[in-house]
Amino acid sequence: MLYAVGVAGFALAILVSVSLHEAGHMLTAKRFGMKVTKYFVGFGPTIFSFRRGETEYGLKAIPLGGFCKIVGMTPQDDDVDPADEHRVMWRYPVWKRTVVMSAGSITHFALALIAMWFAAAFVGLPNPDLPKDAAEVRAAPAMIAVGPCVQLKTSDQPCKVGAGSDVAGPAYTAGLRSGDVVTAVGGTPVANYGQLTDAIRASKPGPVEFSYTRDGRPAKATVNLVAARRAPLNDPTGPVTEVAVAGVGWTTDQPGLVTYGPVGAFGATADYSRQLVVGTFQSLKKIPEKVPALWNSITGAQRDPETPISVVGASRLGGEALAAGVPQYILMIFIALNVFIGIFNLLPLLPLDGGHIAIIWFERVRSWLYARLKKPDPGRVDYFKLMPVTYAVILIGGVFTLLTVTADIVNPITIFR
């Protein structure tokens, strides 16, 4: 029940944020005097609508976004009433059109910043001292998380002793517990978690002596390693081979989330914002190389946790977080998704907002150059000539969306397993 509530609640939160995106366009356009004739939440058949002034507001049947209609966004718009010619968007100054077109992304950034400050002050933001990637985890102290069972063959189902090929965890059975710090494996000294995993995989299945400390006191235990099929540690989608495993993972005694005072929350919000922006651009650069991994996950391969997710996948993660009793993760996903949507919409590609902004400034720069060269102003860009490129972007985006949604349905990413 909690899972369903979390999924529906997160999907609704995303719908509200996208609706506010369109409201940002509408309110700034109205503020500058442009004419906005429609503002709708959703797409498809209209459920209901009403008119206030010159704008029709309403709700449509398919809750996958929203839109607002600003009269005369381009000179090629052919549905402009002659009485509205002086209010068409393309006639307004460059800076006003830029503000209107960027208002949607600014709304997403504002939502993310407000949510970040709230999280920093009351819920907690991710601890900046924790490892940020696999390389930093390998360099961290070999403090272990011990599971009661292990999967001899990787599965999407939670591990359970006696279910399929799942067996009791070797380290757990030997008496090791979460929070222990391993110092040696089979006589090989271990200084960090990377050396621990390397030492385990370099061992053969069977009894191996582990040296560790618990609460500062040294101890030893004989762990009966078992053979399991695993992908390489540095490549979750790489070839699966049989290796020795102990049923341990990495953990830390530091808190995962850190709260700040109301004033300190502003600094923490700024720091976390920079991390998210950098991470978003890095993720965008990796999208093309992740497409094969997405396709492979649909056809049966293990899902790479770093592959993109759709709103469906994000909603499933929200439901999973609520069901697991950690609703703070919903807030983290909501923040990250709003930052991503805000940045993505500013990419200089039609039909995205960033594509319109790019054309606005291209026209301005071109007019300035022609004026300096004492040549006639070439006028506005002909959007009709850009339609093939626009359709190509829509097609690629549609195929990619279908790919991510399918992967999120048949082989979803999960954070609690």
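The structure reproduced in this document is the subject of the present report.

The rules behind each value
Residues numbered from 1 in each chain as written. Predicted model: local features only at pLDDT ≥ 70, side-chain atom pairs only at ≥ 80, totals over all residues. Heavy atoms only, no water. Helix = DSSP H or I, 4+ residues; strand = E, 2+ residues; numbered from the N terminus. Buried < 20%, exposed > 50% of the residue type's maximum accessible area, 1.4 Å probe, protein only. Areas by Shrake-Rupley, 256 points an atom, 1.4 Å probe, with all protein chains shown as cover. Lys, Arg positive; Asp, Glu negative; His and termini not counted. Charge placed at Lys NZ, Arg CZ, Asp CG, Glu CD. Core = buried A, V, L, I, M, F, W, Y, C linked by side-chain atoms within 4.5 Å. 1 Å grid on protein atoms, 1.4 Å probe; cavity = no way out; pocket = protein on both sides within 12 Å on 5 of 7 lines; lining within 4 Å. Points joined across faces, edges and corners; volume = space filled by probe spheres on them. Salt bridge = Lys/Arg side-chain N within 4 Å of Asp/Glu carboxyl O. Patch = residues over 30% accessible without salt bridge, like charges linked within 9 Å, V, L, I, M, F, W, Y side chains within 5 Å. Pairing = 2+ DSSP bridges.

1. Notes on the overall build of the protein
Here comes step 1: Counting its secondary structure elements, the protein contains 10 helices and 13 strands.
Here comes step 2: Counting only C-alpha atoms, the protein reaches 85 × 50 × 45 Å along its principal axes.
Here comes step 3: Evaluated residue by residue, the protein yields a buried proportion of 40% over its 417 residues.
Here comes step 4: Roughly 22,300 Å² of accessible area belongs to the protein as shown, and the carbon and sulfur atoms make up 64% of that amount.
Here comes step 5: Taking the 38 positively charged and 31 negatively charged side chains of the protein as two groups, their mean positions are separated by 3 Å.

2. Quick word on the nonpolar core
Here comes step 1: Phe 10, Met 116, Leu 125, Tyr 272, Met 332 and Ile 335 are the most contacted members of the largest nonpolar core, which has 29 residues in total.
Here comes step 2: The next biggest cluster of nonpolar side chains, apart from the first, holds 20 residues, and it includes Val 146, Val 185, Ala 221 and Ala 246.

3. Notes on empty space enclosed by the protein
Here comes step 1: Counted according to the given criterion, the structure contains one cavity of 30 Å³ or more.
Here comes step 2: Lining the largest cavity are 13 residues, with Met 73, Arg 97, His 356, Ile 360 and Tyr 383 positioned closest to its centre.
Here comes step 3: For the lining of the largest cavity, the secondary structure elements donating two or more residues are α2 (94–123) and α9 (353–372).
Here comes step 4: Of all the elements, α9 adds the most residues to the lining of the largest cavity, at four residues.

4. Structural notes on the pattern of salt bridges
Here comes step 1: Per the counting criterion, the structure on display carries 12 salt bridges.
Here comes step 2: Residues Asp 180 and Arg 214 are paired through a salt bridge, measuring 2.8 Å at the closest nitrogen-oxygen approach. Here Asp 180 is found in the loop between α4 (170–173) and β7 (181–185), whereas its partner Arg 214 is found in strand β9 (residues 206–214), with 34 residues between them in sequence.
Here comes step 3: Overall, the relative accessible area of 2% leaves Asp 180 in the buried class.
Here comes step 4: Judged by relative accessible area, Arg 214 falls into the partly exposed class, the value being 31%.
Here comes step 5: Three or more residues are tied together by salt bridges with common partners; here these are Arg 97, Glu 363 and Arg 380.

5. Description of a nonpolar patch on the surface
Here comes step 1: There is a patch of nonpolar side chains on the surface, built from Val 365, Trp 368, Leu 369 and Tyr 370 and spanning about 360 Å² of accessible area.
Here comes step 2: Position of Leu 369 among the secondary structure elements: in helix α9.

6. Quick look at the pairing of strand β10 (residues 217–230)
Here comes step 1: Pairing of β9 with β10 involves nine bridges; the strand directions are antiparallel. Counterpart to Arg 214 in the pairing with β10 is Arg 217.
Here comes step 2: Counted between consecutive antiparallel strands, the loop separating β9 from β10 contains two residues, among which Asp 215 sits at a positive phi close to 55°.
Here comes step 3: In the sheet, β10 pairs with strand β11 (residues 241–245) via five bridges, with the strands oriented antiparallel.

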